[in-house]
Amino acid sequence: MYNLKNKSALITGITGGIGMDIALSLASAGCRILANAMDTPEKIQRVVSAIYSAGAPEVIFNGDDLTERGCAEHLTRLANKQFGKLDILVNNAGIQHVQPIETFSEEHWDRIINLNLSAPFRLIKNSLLLMRQNNWGRIINIASVHGLVASTHKSAYVAAKHGLIGLTKTVALETANQPITCNAICPGFVQTALIQSQIEKHAAEKGVDIERAKQSFVSQKQPSMTFVSPKDIGAMVVFLCSDSCDQITGSSFPIDGGWTAQ
Ligand code: NAD
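Residues numbered from 1 in each chain as written. Predicted model: local features only at pLDDT ≥ 70, side-chain atom pairs only at ≥ 80, totals over all residues. Heavy atoms only, no water.

**Focus on the environment of asparagine 114**
Consideration 1: Assignment of secondary structure puts asparagine 114 in helix α4 (residues 106–134).
Consideration 2: Accessibility expressed as a relative area gives 21% for asparagine 114, which makes it partly exposed.
Consideration 3: Residues within four places of asparagine 114 in sequence aside, it is in contact with Thr67, Ala119 and Arg122.
Consideration 4: Among the polar contacts listed, one links the side chain of asparagine 114 to the side chain of arginine 122, at a separation of 2.7 Å. (Helix = DSSP H or I, 4+ residues; strand = E, 2+ residues; numbered from the N terminus. Buried < 20%, exposed > 50% of the residue type's maximum accessible area, 1.4 Å probe, protein only. Contact = heavy atoms within 4.5 Å. Polar contact = N/O pair within 3.5 Å; in protein donor to acceptor, adjacent residues only side chain to side chain.)

**Concerning the pairing of strand β3 (residues 59–62)**
Note on strand geometry: in a regular strand, side chains alternate between the two faces of the sheet.
Consideration 1: One ladder, built from four bridges, connects strand β2 (residues 32–36) with β3; its direction is parallel. By the bridge assignment for β3, alanine 35 is matched with phenylalanine 61.
Consideration 2: The β-α-β motif built from β2, the intervening helix α2 (residues 41–54) and the parallel element β3 has right-handed crossover chirality. (Pairing = 2+ DSSP bridges. Right-handed = clockwise from strand over helix to strand, strands pointing away.)

**Some remarks on the site of the ligand**
Consideration 1: Thr15, Asn92, Tyr157, Val190 and Thr192 are the nearest of the 31 residues found near the ligand.
Consideration 2: In the environment of the ligand, an oxygen atom lies 3.3 Å from a nitrogen or oxygen atom belonging to the backbone of glycine 13.
Consideration 3: At 2.7 Å, a side-chain N or O of threonine 15 approaches an oxygen atom of the ligand.
Consideration 4: Protein burial of the ligand: of its 830 Å² of free accessible surface, 92% is covered by the chains.
Consideration 5: Among the secondary structure elements, those contributing two or more residues to the shell around the ligand are α1 (17–28), α4, α5 (155–174) and α6 (193–206).
Consideration 6: Considering each element in turn, the shell around the ligand owes the most residues, three residues, to α6.
Consideration 7: Residue classes in the shell around the ligand are distributed as 16 nonpolar, eleven polar and four charged.
Consideration 8: In this structure, the shell around the ligand is formed jointly by two domains, domain 1 (8–188 + 229–261) and domain 2 (191–227), each of which donates at least three residues. (Near = heavy atom within 4 Å. Areas by Shrake-Rupley, 256 points an atom, 1.4 Å probe, with all protein chains shown as cover. Nonpolar A, V, L, I, M, F, W, Y, C, P; charged D, E, K, R; others polar. Domains from an automatic or database assignment.)

**Comments concerning the pattern of salt bridges**
Consideration 1: Following the criterion strictly, the structure yields eight salt bridges and no others.
Consideration 2: As a salt-bridge pair, glutamate 58 and arginine 32 come within 3.8 Å of each other at their nearest N and O atoms. Placement of the pair is glutamate 58 in the loop between α2 and β3 and arginine 32 in strand β2, with a sequence separation of 26 residues.
Consideration 3: Between lysine 214 and glutamate 211 there is a salt bridge, with the nearest N and O atoms lying 3.2 Å from each other. With lysine 214 and glutamate 211 both in helix α7 (residues 210–221), this residue pair falls three residues apart, about one helical turn.
Consideration 4: Judged by relative accessible area, which is 17%, lysine 214 ranks as buried. (Salt bridge = Lys/Arg side-chain N within 4 Å of Asp/Glu carboxyl O.)

**Quick look at the packing of aromatic side chains**
Consideration 1: With the rule as written, the count across this model stands at three aromatic pairs.
Consideration 2: Considering the side-chain rings of tyrosine 2 and phenylalanine 239, the 6.0 Å spacing of their centres and the 55 degrees angle between planes classify their relative orientation as tilted. Note that tyrosine 2 is positioned in the segment before β1 (8–12) and phenylalanine 239 in helix α8 (residues 230–241), a separation of 237 residues in sequence.
Consideration 3: Through successive ring pairs, a cluster of aromatic residues spans Phe189, Phe217 and Trp259.
Consideration 4: A cation over a ring is seen here: lysine 7 above tryptophan 136, with NZ or CZ 3.8 Å from the ring centre. (Phe/Tyr/Trp six-rings, centres within 6.5 Å; stacked < 30°, edge-to-face > 60°. Lys NZ or Arg CZ within 6 Å of the ring centre and 35° of its normal.)

**Looking at the packing of helix α3 (residues 71–83) against α4**
Axes are the key here: two packed helices are described by the angle between their axes and the distance separating the axes.
Consideration 1: Running from N to C, α3 and α4 cross one another at 30 degrees; their axes reach a closest spacing of 8 Å. By the criterion of interaxial angle, the relationship of α3 to α4 is roughly parallel. Read as a crossing pair, α3 and α4 show a hand that is right-handed. For the pair formed by α3 and α4, the contact residues are Ala72, Glu73, Leu75, Thr76 and Asn80 on the first element and Arg122, Leu123, Asn126, Ser127 and Leu130 on the second.
Consideration 2: In terms of residue class, the contact of α3 with α4 is built from four nonpolar, four polar and two charged. (Axes fitted to C-alpha atoms, helices over the stretch in contact; angles between N-to-C directions. Parallel < 35°, antiparallel > 145°, perpendicular 65-115°, else oblique. Left-handed = near helix turned anticlockwise from the far one by under 90°.)

**Considerations on α8**
Consideration 1: Compared with the 16 Å implied by 1.5 Å per residue over twelve residues, the 17 Å span of α8 between its first and last C-alpha is a close match.
Consideration 2: By the burial criterion, the buried members of α8 are Pro230, Ile233, Gly234, Met236, Val237, Val238, Leu240 and Cys241.
Consideration 3: Packing partners of the buried residues in α8 comprise α1, β4 (88–91), β5 (137–142), β6 (180–187) and β7 (252–255).
Consideration 4: Residue serine 229 occupies the N-cap position of α8, its side-chain oxygen lying 3.1 Å from the main-chain nitrogen of lysine 231. (Expected span 1.5 Å × (residues − 1).)

**Structural notes on the nonpolar core**
Consideration 1: Ranked by size, the top nonpolar core spans 37 residues in total, and within it Leu26 and Ile51 carry the most contacts.
Consideration 2: For leucine 26, the contacting residues outside a window of four places in its chain are Leu4, Ala9, Ile11, Cys31, Ile33, Ile88, Val90, Val237, Val238 and Cys241.
Consideration 3: Counting residues in each nonpolar core, the second largest holds 31 residues, with Leu86, Ile124, Ile139 and Cys186 among its members. (Core = buried A, V, L, I, M, F, W, Y, C linked by side-chain atoms within 4.5 Å.)

Below is the structure:
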């Protein structure tokens, strides 16, 4: 539907449930893709092949750890070397840890803040140098409903995602004088590895099988009683990258089956 031929995109977390569909959607629109994730060689191979099959003219994979300082600079340098520019940045990689605050370890706190908030900061900072040179850019941060509202036992995640939405607004203001936009997408529950342990815990607590637990887990928060599809997040990313969205910046878009409408 949207043509992003001649655009290049850096997407993080592409082997995850959401990142893969974002990469496939941008590939279908004709984007060249620099993909980052930390995963097994088999999974990486499978996802990179799928991105090519979806229509990406070029795919480069990088397996660096985004929590390492210097990684963002290296990735944007790689994009510039390979594509001569960087048009789109999707900050998608993220982790979760669920624990009451009294027993929440500093290690978990630091790792979540580092990957979910500081890595996007570093990637935006470095990507903007290229976007400003080229006078066009789209930055999309995959936040969460937890960037808008809280839930118990997710202190670091909720803090990081609220911070990511604040960062999104600040970057939007600082880039408003150029055709560069920065927005956040706030998904509700999506069935991926990130929430698997929460579903398993819910099944054990309720004494039900995994399929029943999934239904009851999603229904606790989402009035639609249905998980969000990663494809819908990919479609939203492509829409936000289109020229129709020139004036959409600094916004946060829930895709949450009504979770935050309550
Ligand atoms: P996932 O666990 O399926 O995938 C996570 C991805 O991040 C993987 O590709 C992994 O390799 C990568 N990654 C993890 N640590 C990394 C590191 N140190 N350096 C580089 N890459 C690393 O997760 P997902 O559900 O696809 O989540 C993607 C994004 O969506 C996250 O930011 C998450 O917070 C957000 N989100 C997820 C849900 C959900 O219900 N699944 C809901 C709202 C928001």
